[in-house]
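Read off the chains here:
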Amino acid sequence: MHPPIRSSRLNIACSFALLACAGPLAAQAAPPPPYIEIFREEVKVGRGGAHVLTEAGWPRAFARAKTPNHYIALTTSYGPAEAWFVDGRGSISEIDEFNRQVGAAPGLTAELDRLSAADAANISSVRIILGRYQAAMSNGPDIDVAAMRVWEVLIFRVKPGHEAALARAAALYRTLVEKAQVIAPWATYEVMAGMQGPTYLVWIPHKTLAEIDPATGVGAAIEAAMTDSAGMQFDSYAEGYYSIEKFIFTVSPEMSYPSPEFVAQDPSFWGRKVKVPPKTTP
């Protein structure tokens, strides 16, 4: 996944090199939401299929209750077997209001409790994460989330007091993107709660898995723009991090609860549903 140059520097420079592979943007673009919620589940080995069947019950329950808490489900293509359920929100008060509506919907809480109990056989842990958008550490242009099918997520665990190192690295990488004259959007979120901090999540959108290849297209252009001086600066910034973890996710429409706008844009994808096995009579 890393560029072949500077093989001894597989640190912050190479991690940001992954940001350069985003594909062409769709017309219905929008800026990143100010806040995101992530419901992160670790899936047990051999329980992936059963997990999808159970999780598909959640969007059905929300749709029947007509609650507005839409979200996108992601499953790992590379990384530990996990499922992330991600929703974007405009404010903390909006999150609070959606929670209130879910709690007030008749019969919904009991149905969600039943689904949670059934899902306990499929997952080993659940973590709920709250993140806040950091524009200074991100790069435009805006994207059409409904058109993206693959997401790269970089998890930067930063040493306390070294938060500025990530901001400087992002700014440096942005200059390389400008020098290469390519489109490479990413969005950075600082974790407010749910993980040890300081931690930052960098989200990189793709339309296809092939776009993550750093040896072709946008990635190759960024590699050509990388200089020895820039590499040395990235090396110095890397001293401010405990670790950099990389995930590649695929969107799961079956487990998602998309908005009507998403479904209208691509009904064949976002309208996909899990076939519920018929009930059998003992």
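Quantities reported herein were computed from a predicted structural model and do not represent experimental measurements.

Parameters at a glance
Residues numbered from 1 in each chain as written. Predicted model: local features only at pLDDT ≥ 70, side-chain atom pairs only at ≥ 80, totals over all residues. Heavy atoms only, no water. Helix = DSSP H or I, 4+ residues; strand = E, 2+ residues; numbered from the N terminus. Buried < 20%, exposed > 50% of the residue type's maximum accessible area, 1.4 Å probe, protein only. Contact = heavy atoms within 4.5 Å. Areas by Shrake-Rupley, 256 points an atom, 1.4 Å probe, with all protein chains shown as cover. Axes fitted to C-alpha atoms, helices over the stretch in contact; angles between N-to-C directions. Parallel < 35°, antiparallel > 145°, perpendicular 65-115°, else oblique. Nonpolar A, V, L, I, M, F, W, Y, C, P; charged D, E, K, R; others polar. Pairing = 2+ DSSP bridges. Phe/Tyr/Trp six-rings, centres within 6.5 Å; stacked < 30°, edge-to-face > 60°. Lys NZ or Arg CZ within 6 Å of the ring centre and 35° of its normal. Polar contact = N/O pair within 3.5 Å; in protein donor to acceptor, adjacent residues only side chain to side chain. Arc of directions from axis to C-beta. Core = buried A, V, L, I, M, F, W, Y, C linked by side-chain atoms within 4.5 Å. Salt bridge = Lys/Arg side-chain N within 4 Å of Asp/Glu carboxyl O.

A. Representation of the overall build of the protein chain within the structure. When helices and strands are counted, the protein chain shows 10 helices and 8 strands. The burial tally for the protein chain puts 48% of its 282 residues in the buried class. Put simply, of all contacts in the protein chain between residues at least 6 apart along the chain, 85% involve residues at least 24 apart. Counting only carbon and sulfur atoms, one obtains 58% of the accessible surface of the protein chain, whose full area is about 13400 Å².

B. Representation of the packing of helix α3 (residues 57–65) against helix α5 (residues 108–119). Where α3 contacts α5, the two axes come as close as 10 Å, and the packing angle between them is 175°. For the element pair α3 / α5, the angle class is roughly antiparallel. Residues Gly-57, Trp-58, Ala-61, Phe-62, Arg-64 and Ala-65 of α3 touch α5, and the partners they reach there are Leu-108, Glu-111, Leu-112, Leu-115 and Ser-116. When its residues are assigned to classes, the contact of α3 with α5 shows 7 nonpolar, 2 polar and 2 charged.

C. Examining the sheet that holds strand β1 (residues 35–43) more closely. The 8 strands are arranged β1-β3-β2-β8-β5-β7-β6-β4 in a closed barrel whose pairing can be described as antiparallel. Each strand axis lies, on average, 35° off the axis of its neighbour in the sheet, ignoring direction. When β1 meets strand β4 (residues 123–133), the two strands line up antiparallel, connected through 9 bridges. Counted as the bridge partner of Glu-42 is Ser-125 from β4.

D. Representation of the packing of aromatic side chains within the structure. Per the stated rule, a full pass over the model turns up 16 aromatic pairs. Aromatic side chains Phe-262 and Trp-270 sit 5.3 Å apart centroid to centroid with 55° between the ring planes, which places their arrangement in the tilted category. Side by side, Phe-262 and Trp-270 carry an identical accessibility label, which is buried. One Lys or Arg, Arg-149, reaches over the ring of Phe-269 and ends 3.8 Å from the middle of that ring.

E. Focus on the environment of His-206. Within the secondary structure layout, His-206 lies in strand β7 (residues 199–206). Residue His-206 is classed as buried on the basis of its relative accessible area of 0%. Taking C-alpha positions, His-206 is 7.9 Å from Glu-152, a pair spaced 54 residues apart along the chain. Polar side-chain contacts of His-206 include one of 2.7 Å to the side chain of Glu-152.

F. Layout of helix α2 (residues 48–55). Regarding α2, the residues found buried are His-51, Thr-54 and Glu-55. Buried positions in α2, seen along its axis, are confined to an arc of 90° and lie on one side of it. Next to the buried residues of α2 lie β1, α3, β3 (82–89), α5 and β4.

G. Highlighting the nonpolar core. Among the nonpolar cores identified, the biggest contains 25 residues, and Ile-38, Leu-74, Trp-84, Trp-151 and Trp-203 are the most heavily contacted of them. Within the residue set of this core, elements represented by two or more residues are β1, β2 (72–78), β3, β5 (150–158), β6 (187–193), β7, β8 (241–251) and α10 (267–270). Setting aside chain neighbours within four positions, we find Trp-203 in contact with Ile-36, Ile-38, Leu-74, Trp-84, Val-86, Trp-151, Glu-152, Val-153, Trp-186, Ala-187 and Tyr-189. Counting residues in each nonpolar core, the second largest holds 24 residues, with Met-137, Ala-165, Val-177 and Ile-222 among its members.

H. Layout of the pairing of β2. The pairing of β2 with β3 spans 4 bridges and is antiparallel. Following the sheet pairing, Leu-74 is matched in β3 by Trp-84. The hairpin formed by β2 and β3 contains 3 residues between the paired strands, and Gly-79 there has a positive phi angle of roughly 130°. By the bridge criterion, 4 bridges tie β2 to β8 in an arrangement that is antiparallel. When the bridges of β8 are listed, Thr-75 appears paired with Thr-250.

I. Molecular detail of the pattern of salt bridges. According to the stated counting rule, one finds 8 salt bridges in the structure shown. The shortest N-O distance in the salt bridge between Glu-97 and Arg-100 comes to 2.8 Å. Here Glu-97 pairs with Arg-100, and both are found in helix α4 (residues 92–104), just 3 residues apart, close to one helical turn. Linking Arg-149 and Asp-266 is a salt bridge whose minimum nitrogen-to-oxygen distance equals 2.8 Å. Note that Arg-149 is positioned in the loop between β4 and β5 and Asp-266 in the loop between α9 (260–265) and α10, a separation of 117 residues in sequence. Residues participating in the shared-partner salt-bridge network are Arg-64, Glu-111 and Arg-114.

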